[in-house]
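Each chain, letter by letter, is given below.
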Amino acid sequence: MTDVTGASADVLHTLFRSDQGGHEQVVLCQDRATGLRAVIAIHSTALGPALGGTRFYPYASEAEAIADALNLSRGMSYKNAMAGLDHGGGKAVIMGDPETLKSEELLLAYGRFVDSLGGRYVTACDVGTYVADMDVVARSTRWATGRSPENGGAGDSSVLTAYGVFQGMRASARHLWGEASLSGRTVGVAGVGKVGHHLVNHLLEDGAEVVITDVRPESVQRILARNPQVTTVADTDVLIGLPGLDVYAPCALGGALNDDSVPRLTARIVCGAANNQLAHPGVEKDLADRQILYAPDYVVNAGGVIQVADELHGFDFDRCKAKAAKIYDTTLAIFARAKEDGIPPAAAADRIAEQRMAEARRS
């Protein structure tokens, strides 16, 4: 079923439904000359201009792309609020295979659409887009971050993302075991790519025993070449059921915490860099029922968005690192709120973020 515009009625229902929608603005962008078809979703500007990356992905349908943009932009509102940024949430998706469709002309056309919003939306990298792409987009709009240092940007944000996750893990250890250290603890890291390998370094420096797995053998070998004391296992299924595992750090794909994996988890803490770790609503309660402490992903992995936001003011690494270090305090505050309200930490984080956005709307 569609409305008179041809848009899916389900998508329009989602857009205007208060629990999943509530978006301020959704822009459909098309440039026939380059093949660009994009969606820019602005969920909230209560705290400031919407900030979120651009995902370039071969969606199965336009409706799927729009739904993804709506969900991702809403998530960015919560992430930016919990990171203490003066930014609302936004996200863009470009429909198509980046390996075949991406071109300089298409990225420039996309940048013009971003620019037409007059600063209501600030873009950055996401799945399928990279620093070099943002350099191109920035040629047609000033509202592009995640650029290379040669072009006035901060470059790769994985360093601060990993640092923030480590701070969240320290806070989790403090809450559960009374000491903000992973020394002597066994931490399993699933996914040791851009972010994961930096996280491994922090853990080893802190005295943790580290076990890793990755679908890419070259990523595992890179870790072992420098850190032969690290242990490896065949896959994530083995890792999550490992006897003696204290902390599980999902740092690859989303949906890692689901009806199949949660019952088999041996770790007492889950804290990782992957986005959208909870496969569906209710998983957070399943974790709490098993007395597994979950550090909400969008809180602990906010180091990257802290970095790209700082680019707008002239990037300063030390300033960004100081902001990312506060993820430790934020995570502790979430655990305290969860205990006070008798709810899982994921629900507590949502409440705190919603409170900050509501207060900003009233001011």
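Residues numbered from 1 in each chain as written. Predicted model: local features only at pLDDT ≥ 70, side-chain atom pairs only at ≥ 80, totals over all residues. Heavy atoms only, no water.

### Quick word on the overall build of the chain
Defined as follows: Helix and strand labels come from DSSP, where a helix needs a run of H or I of at least four residues and a strand needs a run of E of at least two; each type is numbered from the N terminus. Radius of gyration: over C-alpha atoms. The globule rule applied is 2.2 Å multiplied by the number of residues raised to the 0.38 power. Burial classification: accessible surface area is computed with a 1.4 Å probe over protein chains only, and a residue below 20% of its type maximum counts as buried, one above 50% as exposed, and the rest as partly exposed.
Summing up its helical and strand segments, the chain has 15 helices and twelve strands in all. Relative to the compact-globule value of 21 Å for 363 residues, the chain shows a C-alpha radius of gyration of 20 Å, a close match. Once the C-alpha set of the chain is aligned to its principal axes, its extents read approximately 55 × 45 × 40 Å. Buried residues in the chain amount to 53% of all 363 residues.

### With respect to the nonpolar core
Note the threshold: What makes a nonpolar core is a set of buried Ala, Val, Leu, Ile, Met, Phe, Trp, Tyr and Cys residues whose side-chain atoms join them at distances within 4.5 Å. Residues are treated as being in contact if the distance between any of their heavy atoms lies within 4.5 Å.
Tyr110, Val189 and Leu203 are the most contacted members of the largest nonpolar core, which has 69 residues in total. The element contributing the most residues to this core is helix H6 (residues 158–177), with seven residues. The contacts of tyrosine 110, once residues within four sequence positions are left out, are Leu36, Ala38, Ile40, Thr54, Ala92, Ile94, Tyr121, Thr123 and Val137. Counting 19 residues, the second-largest nonpolar core is a separate cluster that includes Ala190, Leu242, Leu257 and Leu287.

### Examining the environment of glycine 342
Note on placement: glycine 342 falls in the loop between helix H14 (327–341) and helix H15 (345–362). The exposure class assigned to glycine 342 is exposed, which follows from its relative accessible area of 65%. Residues glycine 342 and alanine 279 lie 63 residues apart in sequence; the distance between their C-alpha atoms is 22 Å.

### Concerning the packing of aromatic side chains
Our working rule: Here the aromatic set is Phe, Tyr and Trp, taking the six-membered ring for Trp, and pairing holds for ring centres within 6.5 Å; pairs whose planes are under 30 degrees apart are stacked, those over 60 apart are edge-to-face, and all others are tilted. Whether a charge sits over a ring depends on NZ of Lys or CZ of Arg being within 6 Å of the ring centre and within 35 degrees of the ring normal.
Summed over all chains, the structure comprises two aromatic pairs. Between tyrosine 57 and tyrosine 59, the aromatic rings sit 5.1 Å apart at their centres with planes inclined by 65°, giving edge-to-face as the arrangement. With a relative accessible area of 38%, tyrosine 57 lands in the partly exposed category. Judged by relative accessible area, which is 12%, tyrosine 59 ranks as buried. Note on tyrosine 78 and tyrosine 298: the rings are 6.2 Å apart at their centroids and 75° apart in plane angle, and the pair reads as edge-to-face. Placement of tyrosine 78 in helix H2 (residues 62–82) and of tyrosine 298 in helix H11 (residues 297–300) is noted, with a sequence separation of 220 residues between them. Of the two residues, tyrosine 78 and tyrosine 298, neither departs from the other in class, the shared state being buried. Note that arginine 185 overlies the ring of tryptophan 177, its terminal NZ or CZ placed 3.8 Å from the centroid.

### Regarding the pairing of strand E5 (residues 88–95)
As a reminder, the rule being used: When DSSP finds two or more bridges between a pair of strands, those strands are recorded as paired.
Within E5, eight of the eight residues are buried, which leaves the element mostly enclosed by the surrounding structure. Alternating positions in E5 separate into two faces, Gly88, Gly90, Ala92 and Ile94 on one and Gly89, Lys91, Val93 and Met95 on the other, with burial throughout. Taken together, the six bridges between strand E2 (residues 36–44) and E5 define a ladder with antiparallel strand orientation. The residue of E5 that forms the bridge with serine 44 is glycine 89. Alignment of strand E3 (residues 50–51) against E5, held across two bridges, turns out to be parallel. If you follow alanine 50 over to E5, its bridge partner there is glycine 88. In the sheet, strand E4 (residues 54–57) pairs with E5 via four bridges, with the strands oriented parallel. Bridge pairing in E5 links arginine 55 to valine 93.

### Comments concerning the pattern of salt bridges
Test applied: Only one rule defines a salt bridge in this text: a Lys or Arg side-chain nitrogen within 4 Å of an Asp or Glu carboxyl oxygen.
Under the criterion given, the structure shown has 17 salt bridges. The partner of arginine 139 in a salt bridge is glutamate 104, with the nearest N and O atoms 2.7 Å apart. Of this pair, arginine 139 sits in the loop between helix H5 (131–137) and H6 while glutamate 104 sits in helix H4 (residues 104–116); the two residues are 35 residues apart in sequence, bridging distant segments of the chain. If you follow the salt bridges from partner to partner, you end up with Arg55, Asp68, Lys91 and Asp126 in one network.

### What about the packing of helix H12 (residues 303–311) against helix H13 (residues 317–325)?
Put simply, the rule is: Each axis is a line fitted through C-alpha atoms, and for a helix only the stretch in contact is used; angles between axes span 0 to 180 degrees, taken between their N-to-C directions. If you view the pair so one helix is near and one far, a crossing is left-handed when the near helix is turned anticlockwise from the far one by less than a right angle, and right-handed when it is turned clockwise.
The interhelical angle for the contact between H12 and H13, taken along N-to-C directions, is 145°, at an axis separation of 9 Å. The handedness of the crossing between H12 and H13 comes out as right-handed. The residues of H13 that touch H12, namely those facing Ile306, Gln307 and Asp310, are Arg319, Cys320, Lys323 and Ala324.

### Focus: helix H7 (residues 196–205)
Along H7, seven of the ten residues are buried, which leaves the element largely enclosed by surrounding structure. Among the residues making up H7, those that are buried are Gly196, His197, Leu199, Val200, His202, Leu203 and Leu204. One or two positions beyond H7, positive phi appears at glycine 207, with a value near 95°.

### A word on the confidence of the model for the chain
Going by this rule: The quantity known as pLDDT measures the predictor's confidence residue by residue, on a range of 0 to 100.
On average, the chain scores 93 in pLDDT, and the residues at 70 or more come to 95%. Note that residues 1–7 has pLDDT below 50 and, in this model, eight contacts with residues that lie over four places away or in other chains.

### What about the side chain of threonine 145?
Among the secondary structure elements, threonine 145 is positioned in the loop between H5 and H6. Look past the residues within four positions of threonine 145 in its chain and what remains in contact with it is Leu51, Val122, Thr123, Ala124, Met134, Val308, Glu311 and Leu312.

### Some details on the side chain of threonine 129
Note the threshold: Polar contacts here mean pairs of N or O atoms no more than 3.5 Å apart (in protein, one a potential hydrogen donor and the other a potential acceptor; neighbouring residues in sequence count only if both atoms are side-chain atoms).
By the element assignment, threonine 129 lies in the loop between strand E6 (121–122) and H5. By relative accessible area, which is 3% here, threonine 129 ends up buried. Engagement of the side chain of threonine 129 in a polar contact is seen with the backbone oxygen of threonine 54, the distance being 2.7 Å. Here aspartate 126 takes part through its backbone nitrogen, which lies 2.8 Å from a polar atom of the side chain of threonine 129. Other than its neighbours up to four places away in sequence, threonine 129 contacts Thr54, Phe56, Lys102, Ala124 and Met134.

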